[in-house]
There are 2 protein chains.
Amino acid sequence: MSNPKKASSAEFVKQIISKNISFLSSAITLIESNNSEHKQKATEILNDCLPYANKSIRIGITGVPGVGKSSFIDVFGKYLTSIGKRVAVLAVDPSSSINKGSILGDKTRMHLLAQDSNAYIRPSPSGDSLGGVARKTKETIVLCEAAGFDIILIETVGVGQSEIAVHNMVDFFLLLKLANSGDELQGIKRGIMEMADAIVINKADGPNINAAELAKSQFSKALHLYPLKESKWTPVVNTCSSLENKGIKEVYAFVNEFITFTKKNGYFYKHRKDQNNQWLLDTIDYAIKKQFYERDSVQEAIEAFKEKIEKEIISPFEAAQQILDLN
Amino acid sequence: MSNPKKASSAEFVKQIISKNISFLSSAITLIESNNSEHKQKATEILNDCLPYANKSIRIGITGVPGVGKSSFIDVFGKYLTSIGKRVAVLAVDPSSSINKGSILGDKTRMHLLAQDSNAYIRPSPSGDSLGGVARKTKETIVLCEAAGFDIILIETVGVGQSEIAVHNMVDFFLLLKLANSGDELQGIKRGIMEMADAIVINKADGPNINAAELAKSQFSKALHLYPLKESKWTPVVNTCSSLENKGIKEVYAFVNEFITFTKKNGYFYKHRKDQNNQWLLDTIDYAIKKQFYERDSVQEAIEAFKEKIEKEIISPFEAAQQILDLN
């Protein structure tokens with residue numbers, strides 16, 4: 001087997017579409033690299049993988065810390081491979097690089113999938129901005145699709161803007177909840193509730209079953225208060241237990257129903273089109289910023305002006321204008 | 001009195017620093033405008049107001065919907081004017097323009113302040129992105145400071161990234177909470193807890209008093225689990241009642257303690273410096289994007305490529321590269 005370190009872009013693409021995981025991983029590493037040669041190569045690979053992409057179902061999974069996302073993904077992913085699907089698990093967690101905290105998608109937290117040759121787990125890329133992390137993840141989706149993965153699960157932390165970023169790159173958005181977590185009807189995560197295509201109350205096992213059923217009925221009622229979504233899909237609510245492997249295949253049934261429903265009414269295609277347009281704009285934004293900031297004169301000017309700003313010789317606003325005039 | 005509609009930038013500045021509220025409001029309207037002449041004028045006014053700015057204390061106030069932010073700000077602001085302060089109330093709520101929902105800072109929700117000549121209430125600017133709304137609010141702070149407001153209160157919704165945006169433009173960040181809201185120790189809003197310099201449990205009145213005291217002690221304990229903040233300030237926890245006007249002046253005492261403490265250890269200045277550097281970069285980012293997208297050739301190319309992307313003739317990634325090559 002050839003060595004990814006020495007391979008050409010064409011060799012990479014050939015190996016990736018032959019489902020060579022070692023090459024897939026190396027290509028993702030190139031995407032995540034800040035080295036400009038790596039970036040150039042990543043771009044070539046990505047471009048040539050694009051004709052093979054776009055064929056998977058992309059599912060976003062969110063929920064507050066402690067809701068059991070990893071165990072759920074482990075069991076859910078295992079179910080998917082058991083019915084013949086190849087599953088990639090990605091994560092968007094900008095905090096993991098900043099706080100050096102636990103990295104989502106950590107293989108040690110997904111015992112079953114980690115040992116499954118039809119599953120591929122990749123931790124959240126690091127990055128100093130959510131935008132950067134999200135861009136790398138979108139590009140990783142393309143590579144995973146070219147490598148023949150049928151289903152891409154994208155995990156995110158249940159905090160802040162990363163959920164919106166993930167929602168913007170998936171077909172189906174799943175919100176995991178706990179019974180008695182207290183935020184049921186408070187509207188705390190209202191923005192998230194509105195994004196969900198399904199809400200599943202996890203840990204519906206043992207003494208929690210009744211509470212989970214109650215939560216299910218509360219969420220169902222709460223969802224009726226929301227206006228109809230653009231997809232015209234009414235979000236479904238159910239319970240599950242990752243521990244007892246209950247309610248897991250039902251989640252996949254919901255996904256399939258959703259896909260059939262939205263392909264029929266056209267939303268599926270419109271949604272992907274909107275996401276592609278957004279990807280276009282995000283890629284441009286990223287590149288024009290990069291182009292501007294990578295100039296030596298700009299870097300020097302920024303450093304010089306930061307000092308002047310600190311000494312109150314100039315305001316940030318004026319400094320920005322002068323730096324822009326370097327153009 | 002001269003008419004803002006016909007006034008020169010110099011006249012604007014003169015009137016603003018003379019505390020002419022009608023000119024202040026008109027200048028903020030220019031900041032919020034998308035008309036390029038207005039923008040040009042706004043920039044001139046802003047530049048000339050900068051030497052008079054930077055002298056207020058900026059306080060961010062957040063909390064989930066229903067926590068009573070408006071009533072709190074009404075009573076808190078009234079207390080501040082009663083001790084001789086001039087208070088401006090701004091808001092950052094990107095959703096208000098998207099959902100056309102209730103606009104924070106709505107004068108009808110702040111009865112006391114709305115009638116107080118030492119207070120100025122300005123609703124959240126509209127905008128299609130949080131970045132845009134935040135930029136306009138930062139510029140509005142400058143104008144309000146030039147107009148001699150001693151304290152700027154910046155309200156935000158308790159959802160999503162807008163809290164981070166507000167945290168990035170204030171000296172002191174106040175989190176309002178309710179007792180029994182269920183999210184006390186769940187870490188749901190952990191990111192927000194970590195930003196707070198004070199947590200105040202609102203609606204500590206009538207039958208809620210005991211629960212509020214309990215929540216206070218729970219939050220105090222919970223905060224001990226967090227690492228020491230960069231400011232070295234230990235966030236304070238207290239209860240208050242906007243209804244009964246209790247615990248309100250204590251909040252201002254916390255703010256003053258914090259300012260004294262962080263001025264002494266230097267954090268106050270470092271924090272403002274960091275914010276200024278961020279403002280510099282945000283202003284540049286905004287301008288380079290604007291410069292790029294406003295070119296006719298770019299607009300036309302984007303529209304043409306969107307169609308090709310939809311027809312799967314080209315990928316978003318390749319299209320972006322071709323548009324960038326127009327440069």
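Residues numbered from 1 in each chain as written. Chains lettered and ligands numbered in written order. Predicted model: local features only at pLDDT ≥ 70, side-chain atom pairs only at ≥ 80, totals over all residues. Heavy atoms only, no water.

Novice: Describe the overall build of chain A, listing the residues and the values that go with them.
Specialist: The secondary structure content of chain A amounts to 14 helices and 7 strands. Compactness check: chain A gives a C-alpha radius of gyration of 22 Å against a globular reference of 20 Å for 327 residues, within 12% of the reference. Judged by the C-alpha coordinates and their principal axes, chain A covers about 65 × 55 × 40 Å. Within chain A, the proportion of its 327 residues that are buried is 56%. Counting contacts in chain A only where the partners sit at least 6 residues apart, residues at least 24 apart contribute 73% of the total. Looking at chain A as shown, the accessible area adds up to about 14,500 Å², and 52% of this sits on carbon and sulfur atoms. (Helix = DSSP H or I, 4+ residues; strand = E, 2+ residues; numbered from the N terminus. Rg over C-alpha atoms; globule rule 2.2 N^0.38 Å. Buried < 20%, exposed > 50% of the residue type's maximum accessible area, 1.4 Å probe, protein only. Contact = heavy atoms within 4.5 Å. Areas by Shrake-Rupley, 256 points an atom, 1.4 Å probe, with all protein chains shown as cover.)

Novice: Hey, could you go over the sheet that holds strand S1 (residues 57–62) of chain B for me, with residue numbers and the actual values?
Specialist: Residues and elements named next belong to chain B. With parallel pairing, the 7 strands of this open sheet are ordered in space as S3-S2-S4-S1-S5-S6-S7. If you trace the sheet from one side to the other, it starts and ends with strand S3 (119–121) and strand S7 (236–239), each paired once. Each strand of the sheet is rotated relative to its neighbour by a mean of 20 degrees, with strand direction disregarded. Note that strand S2 (residues 87–92) and strand S4 (residues 151–156) share 6 bridges and pair parallel. The residue bridging leucine 90 from the neighbouring strand is isoleucine 154, located in S4. The sheet contacts of helix H10 (residues 209–223) involve strand S5 (172–177), strand S6 (198–201) and S7, and relative to S7 the element is tilted by about 175 degrees. (Pairing = 2+ DSSP bridges. Axes fitted to C-alpha atoms, helices over the stretch in contact; angles between N-to-C directions.)

Novice: Describe in detail the sheet that holds strand S1 (residues 57–62) of chain A, supporting the description with residues and values.
Specialist: Residues and elements named next belong to chain A. Taken together, the 7 strands give an open sheet; going across it, the order is S3-S2-S4-S1-S5-S6-S7, and neighbouring strands pair in parallel fashion. At either margin of the open sheet sits one strand with a lone partner, and together these are strand S3 (119–121) and strand S7 (236–239). Mean inter-strand twist for the sheet, computed between neighbouring axes without regard to direction, equals 20 degrees. On top of the sheet, helix H4 (residues 69–82) reaches S1, strand S2 (87–92), S3, strand S4 (151–156) and strand S5 (172–177); it is set at about 175 degrees to S4, its chief contact. The strands touched by helix H10 (residues 209–224) within the sheet are S5, strand S6 (198–201) and S7, with S7 carrying the most contacts at an inclination of about 175 degrees.

Novice: I'd like a description of the pairing of S5(B), backed by residues and values.
Specialist: All names here are of chain B. Counting buried residues in S5 gives 6 out of 6 residues, a clear majority hidden from the surface. Residues Phe172, Leu174 and Leu176 point to one face of S5 and Phe173, Leu175 and Lys177 to the other, with burial holding for every one of them. Relative to S5, S1 is paired through 4 bridges, and the arrangement is parallel. When the bridges of S5 are listed, isoleucine 61 appears paired with leucine 174. As paired strands, S5 and S6 are joined by 4 bridges and run parallel to one another. Pairing of lysine 177 across the sheet is with isoleucine 201, part of S6.

Novice: How would you explain the packing of aromatic side chains if you had to name every residue and give the values?
Specialist: Residue and element names in this part refer to chain A. One pass over the full model with this rule turns up 20 aromatic pairs over all chains. Summarising the aromatic geometry, the rings of phenylalanine 12 and phenylalanine 23 are spaced 5.2 Å apart at their centres and angled 75 degrees between planes, so their arrangement reads as edge-to-face. Of this pair, phenylalanine 12 sits in helix H1 (residues 9–17) while phenylalanine 23 sits in helix H2 (residues 21–32); the two residues are 11 residues apart in sequence, bridging distant segments of the chain. Taking the relative accessible area as the measure of exposure, phenylalanine 12 reaches 2% and is therefore buried. In this structure phenylalanine 23 comes out as buried when scored by relative accessible area, which is 0%. (Phe/Tyr/Trp six-rings, centres within 6.5 Å; stacked < 30°, edge-to-face > 60°.)

Novice: How would you explain the layout of surface pockets if you had to name every residue and give the values?
Specialist: Looking at the second largest pocket, its volume works out to about 690 Å³. Residue lining of the second largest pocket: 28 residues in total, with A:Asn54, A:Arg58, A:Asn276, B:Glu312 and B:Pro316 positioned closest to the centre. Of all the secondary structure elements, the ones that give two or more residues to the lining of the second largest pocket are helix H7 (130–146) and helix H12 (267–293) of chain A together with helix H13 (296–310) and helix H14 (316–325) of chain B. The biggest single contributor to the lining of the second largest pocket is H12(A), with 8 residues. Considered class by class, the residues forming the lining of the second largest pocket number 13 nonpolar, 5 polar and 10 charged. (1 Å grid on protein atoms, 1.4 Å probe; cavity = no way out; pocket = protein on both sides within 12 Å on 5 of 7 lines; lining within 4 Å. Points joined across faces, edges and corners; volume = space filled by probe spheres on them. Nonpolar A, V, L, I, M, F, W, Y, C, P; charged D, E, K, R; others polar.)

Novice: Could you give an account of the interface of chain A and chain B, naming the residues involved and the relevant values?
Specialist: Note on interface size: it is often stated as the accessible area lost on association of the parts. Between chain A and chain B, the residue contacts involve 47 residues of the former and 47 residues of the latter. For the pair chain A and chain B, the number of links is 4 salt bridges. Its salt-bridge partner being A:Lys289, residue B:Asp285 comes within 3.2 Å of it at the nearest N-O pair. Those elements giving two or more residues to the side of chain A that touches chain B turn out to be helix H3 (36–49), H12, helix H13 (296–310) and helix H14 (316–325) of chain A. A per-element tally of the side of chain A that touches chain B places H12(A) first, with 15 residues. (Salt bridge = Lys/Arg side-chain N within 4 Å of Asp/Glu carboxyl O.)

Novice: Kindly report on H14(A), identifying the contributing residues and their values.
Specialist: Among the residues making up H14(A), those that are buried are A:Pro316, A:Phe317, A:Ala319, A:Ala320, A:Ile323 and A:Leu324. Here the buried residues of H14(A) occupy an arc of 160 degrees about the axis, which is enough to place them on one side. Against the buried residues of H14(A) lie H12 and H13 of chain A together with helix H3 (36–49), helix H7 (130–146) and helix H12 (267–293) of chain B. (Arc of directions from axis to C-beta.)

Novice: Go over the nonpolar core with me, naming the residues and quoting the values.
Specialist: A:Ile16, A:Ile45, A:Leu143, A:Cys144 and A:Ile154 are the most contacted members of the largest nonpolar core, which has 55 residues in total. Looking at this core, you find at least three residues from each of domain 1 (1–51) and domain 2 (53–265) of chain A. Excluding anything up to four places from it in sequence, A:Cys144 contacts A:Leu24, A:Ile28, A:Ala88, A:Leu90, A:Tyr120, A:Phe149 and A:Ile152. Listed in part, the 53 residues of the second largest apolar core include B:Ala27, B:Ala42, B:Leu90 and B:Ile152. (Core = buried A, V, L, I, M, F, W, Y, C linked by side-chain atoms within 4.5 Å. Domains from an automatic or database assignment.)

Novice: So what's going on with the environment of B:Ser9? Residues and values would help.
Specialist: Residues and elements named next belong to chain B. By the element assignment, serine 9 lies in helix H1 (residues 9–17). For serine 9, a relative accessible area of 10% translates into the label buried. Spatially, the C-alpha atom of serine 9 lies 5.4 Å from that of isoleucine 45, the residues being 36 residues apart in sequence. Those residues in contact with serine 9 that lie beyond four places of it in its chain are Lys41, Glu44 and Ile45.

Novice: Which residues make up the relation of the copies chain A and chain B, and what values go with them?
Specialist: Note on the identical chains: chain A maps onto chain B by a rotation of 180 degrees and an axial translation of 0.0 Å, with an RMSD of 0.1 Å. The symmetry that links the two subunits is that of a two-fold axis. Taken as a fraction of all interface residues of chain A, those also at the interface in chain B reach 100%, which identifies the copy contact as same-surface. (Least-squares fit on C-alpha atoms with pLDDT ≥ 70 in both.)

Novice: Describe in detail H10(B), supporting the description with residues and values.
Specialist: All names here are of chain B. Compared with the 21 Å implied by 1.5 Å per residue over 15 residues, the 21 Å span of H10 between its first and last C-alpha is a close match. Buried residues of H10: Ala211, Ala212, Ala215, Phe219, Ala222 and Leu223, and no others. Looking straight down H10, one finds its buried side chains confined to an arc of 105 degrees; they lie on one side. For H10, exposure combined with an orientation more than 90 degrees from the buried face picks out Asn210 and Lys221. (Expected span 1.5 Å × (residues − 1).)

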